[in-house]
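# Descriptive structure summary
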Amino acid sequence: MRKIYFQPLLPKSFIVNFIFFLSAVLFFSATPAHAVVFDMGKEKFGSYLRSSYLPSWQGATDPFAQSSGANLAFNDQFTNLWSYEFGFLINAGKVTWRVGLEVLQPPTLSNVSGKDAASGTVYYTMNSQITVYTPKIGFEFNLKTWKENRLWLCAEGGYSTITVQNNYNFTAAGNTQFPGVANFREVVGGTQISYAVAMGFETLMSDSTTISMELGYRMMDFASMTETNSVTNFQGNQAGGAKALRNDGVTNRDINLSGSFVALNLRIWVY
């Protein structure tokens with residue numbers, strides 16, 4: 001009997017992020033009022049929580065399709081990118097510096113079918129997961145500052161490290177099609193300097209807590225990656241540290257996570 005897959009209207013990670021930020025907003029909004037009068041231009045140091053969302057990206061199947069056998073089709077792909085970030089803010093007047101750590105992780109794909117593009121024969125099912133860690137530094141150029149609001153342009157850069165995990169489980173037809181390969185788990189990784197630019201608007205929410213929205217563009221292209229461990233995959237026996245190759249066994253695998261994003265910031269100004 002053919003299995004029917006239902007795609008939820010909203011990704012699970014969207015719901016998790018929404019609940020996270022809603023809980024934070026309710027918590028800080030409930031904080032008792034203090035006598036201190038907030039002034040956006042005079043706040044000097046704070047911390048922040050941030051989440052960004054990229055609705056779609058061009059390389060939605062690149063983490064696995066580039067190296068999972070030639071002339072195959074897949075019944076699923078990555079559809080969006082979520083990131084989570086925390087860090088600190090230093091307001092120097094016209095410029096606000098921010099230092100933080102971002103974790104980018106789209107929803108994990110499970111039970112993806114790899115099948116012959118012509119006949120539809122299923123050769124294997126697989127799971128695929130991506131995680132990117134980016135320690136980074138950036139600055140916000142304050143275009144206009146009011147007592148409880150601020151409009152700014154942001155530029156930031158960081159050193160991104162990606163880890164891709166693909167787990168394959170072959171069917172009987174797959175064992176025949178790929179006789180030299182058994183069920184395996186592949187882990188590949190790479191590093192790349194990444195950049196982002198954005199425009200944001202910040203406004204007072206409660207006491208010394210502010211909330212802001214950003215619209216921006218991220219540049220993050222991993223042009224070369226390596227095998228983390230020794231593995232026998234579709235390209236043959238691969239040693240740990242070897243270049244991660246495409247189906248042709250020659251070209252380097254690459255993953256481009258660049259694209260436009262929207263971000264939500266929750267900021268707590270200490271003084």
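Since we're looking at a predicted model, the values are computed, not measured. (Residues numbered from 1 in each chain as written. Predicted model: local features only at pLDDT ≥ 70, side-chain atom pairs only at ≥ 80, totals over all residues. Heavy atoms only, no water.)

## Details of a nonpolar patch on the surface
Taken together, Ile-90, Trp-97, Val-99, Ile-137, Phe-139, Phe-141, Leu-143, Leu-153 and Met-199 make up a surface patch of nonpolar side chains, about 770 Å² in accessible area. For the nonpolar patch, the secondary structure elements donating two or more residues are β4 (95–104) and β6 (122–145). Following the sequence through the fold, Met-199 ends up in strand β8 (residues 184–206). (Patch = residues over 30% accessible without salt bridge, like charges linked within 9 Å, V, L, I, M, F, W, Y side chains within 5 Å. Areas by Shrake-Rupley, 256 points an atom, 1.4 Å probe, with all protein chains shown as cover. Salt bridge = Lys/Arg side-chain N within 4 Å of Asp/Glu carboxyl O. Helix = DSSP H or I, 4+ residues; strand = E, 2+ residues; numbered from the N terminus.)

## Quick notes on the nonpolar core
Counting 37 residues, the largest nonpolar core has Trp-57, Tyr-124, Val-132, Ile-162, Tyr-168, Phe-170 and Leu-257 as its most contacted members. For this core, the secondary-structure elements that each account for two or more residues are β2 (72–74), β5 (109–116), β6, β7 (149–170), β8 and β15 (259–269). Counting residues per element, this core draws most heavily on β7, which supplies 6 residues. Look past the residues within four positions of Leu-257 in its chain and what remains in contact with it is Leu-54, Trp-57, Leu-81, Leu-104, Val-132, Ile-162, Arg-218, Met-220 and Phe-222. (Core = buried A, V, L, I, M, F, W, Y, C linked by side-chain atoms within 4.5 Å. Buried < 20%, exposed > 50% of the residue type's maximum accessible area, 1.4 Å probe, protein only. Contact = heavy atoms within 4.5 Å.)

## Describing unusual backbone geometry
Backbone phi values are negative for most residues with the exception of glycine, while trans is the configuration of most peptide bonds. A positive phi is found at Asn-71, a non-glycine position, where the angle reads about 60°. Position of Asn-71 relative to the elements: it lies in the loop between α2 (62–65) and β2. Phi is positive for Asn-111, which is not a glycine, with a value near 55°. Along the chain, Asn-111 turns up in strand β5.

## Points about the pairing of strand β3 (residues 81–91)
Two faces, one strand: in a regular strand the side chains alternate between the faces of the sheet. Sheet analysis places strand β1 (residues 45–54) next to β3, joined by 10 bridges and oriented antiparallel. When the sheet's bridge partners are listed, Tyr-48 is paired in β3 with Gly-87. Judged from the 9 bridges that link them, β3 and β4 form a sheet pairing that is antiparallel. The residue bridging Ile-90 from the neighbouring strand is Trp-97, located in β4. Between the antiparallel neighbours β3 and β4 lie 3 residues, among them Gly-93 with a positive phi of about 100°. (Pairing = 2+ DSSP bridges.)

## Some details on the packing of aromatic side chains
By the definition in use, this model includes 18 aromatic pairs. An angle of 45° between the planes, with centres 4.8 Å apart, marks the rings of Tyr-53 and Trp-82 as tilted. On the criterion of sequence distance, the pair formed by Tyr-53 in strand β1 and Trp-82 in strand β3 is long-range, its members being 29 residues apart. On the basis of relative accessibility, which here comes to 7%, the residue Trp-82 falls in the buried class. Plain terms: the ring middles of Phe-170 and Phe-234 are 5.9 Å apart, the flat faces sit at 55° to each other, and that makes the pair tilted. (Phe/Tyr/Trp six-rings, centres within 6.5 Å; stacked < 30°, edge-to-face > 60°.)

## Topic: the pairing of β7
Sheet topology note: the β6/β7 ladder contains 19 bridges and is antiparallel. Bridging from a neighbouring strand, Gln-129 pairs with Gln-165 of β7. Hairpin connection, β6 to β7: the antiparallel pair is bridged by 3 residues. Two strands pair when backbone bridges link them, and β7 and β8 are joined in this way by 20 bridges, in the antiparallel orientation. Its bridge partner lying in β8, Gly-158 is registered against Ser-194.

## Side note on the environment of Phe-178
Its location among the elements puts Phe-178 in the loop between α3 (172–177) and β8. As for Phe-178 and Gly-69, which are separated by 109 residues in sequence, their C-alpha atoms are 8.8 Å apart. With residues up to four places along the chain from it excluded, the contact list for Phe-178 reads Gly-69, Leu-72, Tyr-123, Phe-170 and Phe-234.

## Quick look at the environment of Asp-254
Topologically, Asp-254 is positioned in the loop between β13 (236–238) and β14 (255–256). Taking the C-alpha atoms as reference, Asp-254 lies 5.5 Å from Phe-222; in sequence the two are 32 residues apart. Ignoring any residue separated from it by four or fewer positions in sequence, one finds Asp-254 in contact with Asp-62, Gln-66, Asp-221, Phe-222, Ala-223, Met-225 and Arg-246. Here the side chain of Asp-254 touches Arg-246 through a polar contact of 2.3 Å, side chain to side chain. (Polar contact = N/O pair within 3.5 Å; in protein donor to acceptor, adjacent residues only side chain to side chain.)

## Looking at the side chain of Ser-51
Relative to the helices and strands, Ser-51 is located in strand β1. Judged by its relative accessible area of 4%, Ser-51 is buried. A distance of 3.1 Å separates a polar side-chain atom of Ser-51 from the backbone oxygen of Ser-83.

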